[in-house]
Amino acid sequence: MLSFSKRSLAVLLIAQSAVAVAAMSVVLLHTNTLENNGRWRNSKSSLVAAMAVDTYQKTAQALARGHLNLGAWHGFQEMMYFKPVAIAELEFRLFLETDAYASLVCHQNEEESFGIRLSANPRFPSITFHATREGQFLEKKPVPIPPLSTGKWHRVNVRASGNGVPLLAMDGQPVQLEQMPWKPFTALGFRGCQTTALVDDVVAHQTDGTVIHDSFANRRHWLACLIAGFVAATLFNLLMLPMMKRAQFPPRHQVIGLVFLDVLIVVVLACVFTIVYFSQQNYPREGHFSEEVVNRVRNACVCILKERVREYAPDPGPGVVRIVFLGTSQTRGAGAGKPEHRFVDRIQRQLDDEAPAGTRYECINAGIGGGDSELLIELYRDLLVPLRPMVLVVNLANNDKDAGVLAGNLREMIALSRQHGIKTVICLEPNTIERWPGDMPNHPAMREVARECNVPCLDLHDYLRQHYDDGFLWWDFVHPTSFGHKLIADAIMDKFRANALLEQQAEQSVSLP
């Protein structure tokens, strides 16, 4: 290269710089993940269990095209800034697809949270809210704006106002909010829904004069990537130069050849960038979760259940009423903020509080993540019936693909229970109404089995639908929040009382020899 003119060297350096910029852009785009961003904490990571939390953090879908997608990987993502803040004014851009909504979390501690929900979904209108950390709304006030337009970006501005409700402006227009008790703007977070809600260009001015800015584009180690790209381009040219000299190219043609190769590399990298940019939001070929992952979770849950069964005496003894809760990961407690928030644990505590003298209740959680009725009937027969429970609560619908197979397995469970004097309650497993506004596909068959076999049937899906906007109910389409688990526990306890199931079984247990 030393034999080249200054002009030729300048052209070659420009070409190498273009290669470096193109390579840097591809690398930064490909590695743009929340894990590498490092500034946002996923609230799901602290749950008892939730779907695809690590995947959301480590893959490209969450920050595809340089936007924070709160609807990626089963939706309902809640991303909180990694440290406390003291915000005087906040600006960000918000994009909502059809029927989407997103919440800005302005204050959050161990007991409560405050925020603003902005919505394009008439069923979930825009509100200001005060909620428990479990997710129940303690108070909410309507935000007097029509449903937001979908398919376009909205500019949101929020200014703190002491201990009052923040001052809100949408697309430059002030919005008058109703007053309600409020806490200081000491948290910064965004919570999504089932469908796509994008957040971008977050600019938070803090009371101490510092500014938090996140465009969700990857600029991490950009200089190192640029230098590495330039060094690689230089080494490539140095390797190609001797070949051109052996081919007896004159110096001018050598420069043209090297520049041509560099331009070709830039074109290839530009194509790679375009493909990655437009494919980032696509999910892996196996979908949201692979069969291998489901089997691994299922097998782990079965092993845990087998260990748990060993903790119970084969004979419950007089005065002990055992209740088996058979179901999927929802029954196991996925989505609960703490183990004691799971609906089976809540029911155990309520039963302990209401137990008559001489009666003790044992709730056995036989929820299997990824489990279906084919697996659960085997576990019930082999592991749980020998424990001599008095009540079986079956909470199914989500994982069974064939309604006929599910119905047959439910009939077998009921028949097996009757052979051993076990009362059965069938629960129609709920999903968010954003996925299934009406019945889930398996619900009609389950109702028919309950009617045909004359056993109590509890429509949990309808019960949660009646309370759909009493708070944050879901962490994804099937796993409830702690508040969702509370609602399920309340519904099952009401069913127990309405059918006098536990009173009958308690009397029977006391009378056992």
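Counting from 1, residues in each chain are numbered in the order their sequence is written. Owing to the predicted nature of the model, reporting of local features is limited to residues with pLDDT of at least 70; listing and counting of side-chain atom pairs is limited to 80 or more, with chain, interface and lining totals taken over all residues. Side-chain measures were taken over the full set of non-hydrogen atoms in the model, leaving aside hydrogen atoms and water.

S.K.: Requested: an account of the overall build of the protein chain, with residues and values cited.
M.R.: Helix numbers and strand numbers start at the N terminus; a helix is a DSSP run of H or I with at least 4 residues, a strand a run of E with at least 2. On a plain count of helices and strands, the protein chain comes out with 14 helices and 19 strands. Overall, the C-alpha framework of the protein chain stretches about 105 × 60 × 35 Å when taken along its three principal axes. Going through the 513 residues of the protein chain one by one, you find that 53% of them count as buried. Within the protein chain, contacts between residues separated by at least 24 positions form 72% of all contacts whose residues are at least 6 apart in sequence. Computed with a 1.4 Å probe, the accessible areas rest on the Shrake-Rupley method; for each residue, only the protein chains presented here act as cover. For the protein chain, the computed accessible surface area is about 23,000 Å², with 57% contributed by carbon and sulfur atoms. The classification of residues rests on relative accessible area computed with a 1.4 Å probe and restricted to protein chains. Under 20% of the type maximum is buried, over 50% is exposed, and intermediate values are partly exposed. Any pair of residues with heavy atoms lying within 4.5 Å of one another is described as a contacting pair.

S.K.: Break down the packing of aromatic side chains for me, with residues and values.
M.R.: Here is the rule: rings of Phe, Tyr and Trp (six-membered ring for Trp) pair when centre to centre is within 6.5 Å. Planes less than 30 degrees apart are stacked, more than 60 are edge-to-face, and the remainder are tilted. A complete count under the given rule lists 15 aromatic pairs for this structure. When the ring of Phe 325 is compared with that of Phe 343, the centres are 6.4 Å apart and the planes differ by 75°; the resulting orientation is edge-to-face. Residue Phe 325 is found in strand β15 (residues 320-327), and its partner Phe 343 is found in helix α8 (residues 343-354); the two are separated by 18 residues along the sequence. Taken individually, Phe 325 and Phe 343 each receive the classification buried, so the pair is uniform in this respect.

S.K.: How would you sum up a nonpolar patch on the surface? Please name residues and give values.
M.R.: Without a salt bridge and with relative accessible area above 30%, a residue can belong to a patch; like charges are then joined within 9 Å and nonpolar side chains (Val, Leu, Ile, Met, Phe, Trp, Tyr) within 5 Å. In the sections that follow, a salt bridge refers to a side-chain nitrogen of Lys or Arg positioned within 4 Å of a carboxyl oxygen of Asp or Glu. On the surface, Trp 222, Leu 223, Ile 227, Val 231, Leu 235 and Leu 238 cluster together into a nonpolar patch covering about 560 Å² of accessible area. Among the secondary structure elements, Ile 227 is positioned in helix α4 (residues 222-246). The exposure class of Ile 227 is partly exposed, given its relative accessible area of 48%.

S.K.: Any chance you could break down a negative patch on the surface for me, citing the residues and the numbers?
M.R.: His residues and chain termini do not enter the charge count, which takes Lys and Arg as positive and Asp and Glu as negative. Note on charges: their place is set at NZ of Lys, CZ of Arg, CG of Asp or CD of Glu. Residues Glu 374, Glu 378, Asp 382 and Asp 402 make up a contiguous surface patch of negative charge. Here Asp 402 is to be found in the loop between β17 (391-396) and α10 (403-419). Owing to a relative accessible area of 41%, Asp 402 belongs among the partly exposed residues under this scheme.

S.K.: Go over helix α5 (residues 251-279), please, and point to the residues and values.
M.R.: Expected span, for any helix, means 1.5 Å times one less than how many residues it has. Between its first and last C-alpha, α5 extends 42 Å over 29 residues, near the 42 Å set by a 1.5 Å rise per residue. Here the buried face of α5 lies against α1 (6-30) and α4.

S.K.: Quick one: what's the story with the packing of helix α9 (residues 373-384) against α10, residue by residue and with numbers?
M.R.: Note on definitions: angles span 0 to 180 degrees between N-to-C directions of axes, and those axes are lines fitted to C-alpha atoms, for helices only across the stretch in contact. Viewed as axis vectors pointing N to C, α9 and α10 meet at an angle of 10°, and their least axial separation amounts to 9 Å. What the angle tells us is that α9 and α10 run roughly parallel. The chirality of how α9 crosses α10 is left-handed. For the pair formed by α9 and α10, the contact residues are Ser 373, Glu 374, Leu 376, Ile 377, Tyr 380 and Arg 381 on the first element and Val 405, Leu 406, Asn 409, Glu 412, Met 413, Leu 416 and Ser 417 on the second. Within the contact of α9 with α10, the residues separate by chemical class into seven nonpolar, three polar and three charged. An angle below 35 degrees is treated as roughly parallel, one above 145 as roughly antiparallel, one from 65 to 115 as roughly perpendicular, and anything else as oblique. Definitions for this section: a left-handed crossing has its near helix turned counterclockwise from the far helix by less than a right angle. A right-handed crossing has that turn clockwise. Gly falls in the polar group here, along with every residue not listed as nonpolar (Ala, Val, Leu, Ile, Met, Phe, Trp, Tyr, Cys, Pro) or charged (Asp, Glu, Lys, Arg).

S.K.: Before we move on, could you go through the pairing of strand β6 (residues 112-119) and cite the residues and values that matter?
M.R.: Looking along a regular strand, one sees side chains alternate from face to face of the sheet. The element β6 is largely enclosed, with a buried count of eight among its eight residues. Here β6 shows two buried faces, one formed by Glu 112, Phe 114, Ile 116 and Leu 118 and the other by Ser 113, Gly 115, Arg 117 and Ser 119. Paired strands are those between which DSSP finds at least two bridges. In the sheet, strand β5 (residues 101-108) pairs with β6 via seven bridges, with the strands oriented antiparallel. Its bridge partner being in β6, Ala 102 is matched across the sheet by Leu 118. Pairing of β6 with strand β7 (residues 127-132), which is carried by six bridges, proceeds in the antiparallel orientation. If you follow Arg 117 over to β7, its bridge partner there is Ile 127.

S.K.: Could you give an account of the sheet that holds strand β19 (residues 457-458), naming the residues involved and the relevant values?
M.R.: The parallel open sheet is built from five strands, whose spatial order is β16-β15-β17-β18-β19. With one partner strand each, in any of the chains shown, β16 (360-367) and β19 form the two edges of the open sheet. With five bridges joining them, β15 and β17 adopt parallel strand pairing. Across the sheet, Gly 327 pairs through a bridge with Asn 395, a residue of β17.

S.K.: Hey, could you go over the nonpolar core for me, with residue numbers and the actual values?
M.R.: Taken as a class, soluble globular proteins show a tendency for nonpolar side chains to be buried jointly. We define the nonpolar core as a collection of buried residues of types Ala, Val, Leu, Ile, Met, Phe, Trp, Tyr and Cys that are connected through side-chain atoms lying within 4.5 Å of one another. Leu 188, Ile 323, Phe 325, Ile 347, Ile 492 and Phe 496 are the most contacted members of the largest nonpolar core, which has 78 residues in total. With eight residues, the single largest contributor to this core is helix α13 (residues 482-499). When sequence neighbours within four positions are dropped, the list of residues in contact with Phe 325 reads Thr 331, Phe 343, Val 344, Ile 347, Cys 363, Ile 364, Asn 365, Ala 366, Gly 367, Val 393, Ile 492 and Phe 496. Core analysis: the next-biggest nonpolar cluster, separate from the first, contains 38 residues, Val 302, Tyr 312, Ile 364 and Leu 384 among them.

S.K.: So what's going on with the packing of α8 against α13? Which residues, and what values?
M.R.: One can describe the packing of α8 onto α13 by two numbers: an axis separation of 8 Å at closest approach and a directional angle of 45°. One finds that α8 runs oblique with respect to α13. Crossing geometry of α8 relative to α13 is assigned as right-handed. For the pair α8 and α13, contact is made by Phe 343, Arg 346, Ile 347, Gln 350, Leu 351 and Glu 354 and by Ser 482, His 485, Lys 486, Ile 488, Ala 489, Asp 490, Ile 492, Met 493, Phe 496 and Arg 497, respectively. Within the contact of α8 with α13, the residues separate by chemical class into eight nonpolar, three polar and five charged.

S.K.: Go over the environment of Glu 362, please, and point to the residues and values.
M.R.: Position of Glu 362 among the secondary structure elements: in strand β16. The exposure class assigned to Glu 362 is buried, which follows from its relative accessible area of 12%. Taking the C-alpha atoms as reference, Glu 362 lies 6.1 Å from Val 321; in sequence the two are 41 residues apart. Those residues in contact with Glu 362 that lie beyond four places of it in its chain are Tyr 312, Val 320, Val 321, Arg 322, Ile 323 and Gln 348. Two N or O atoms count as a polar contact when they lie within 3.5 Å, although within protein this holds only if one can serve as hydrogen donor and the other as acceptor, and sequence-adjacent residues are included solely when both atoms are side-chain atoms. A polar contact is formed between the side chain of Glu 362 and the side chain of Arg 322, at a distance of 2.6 Å.

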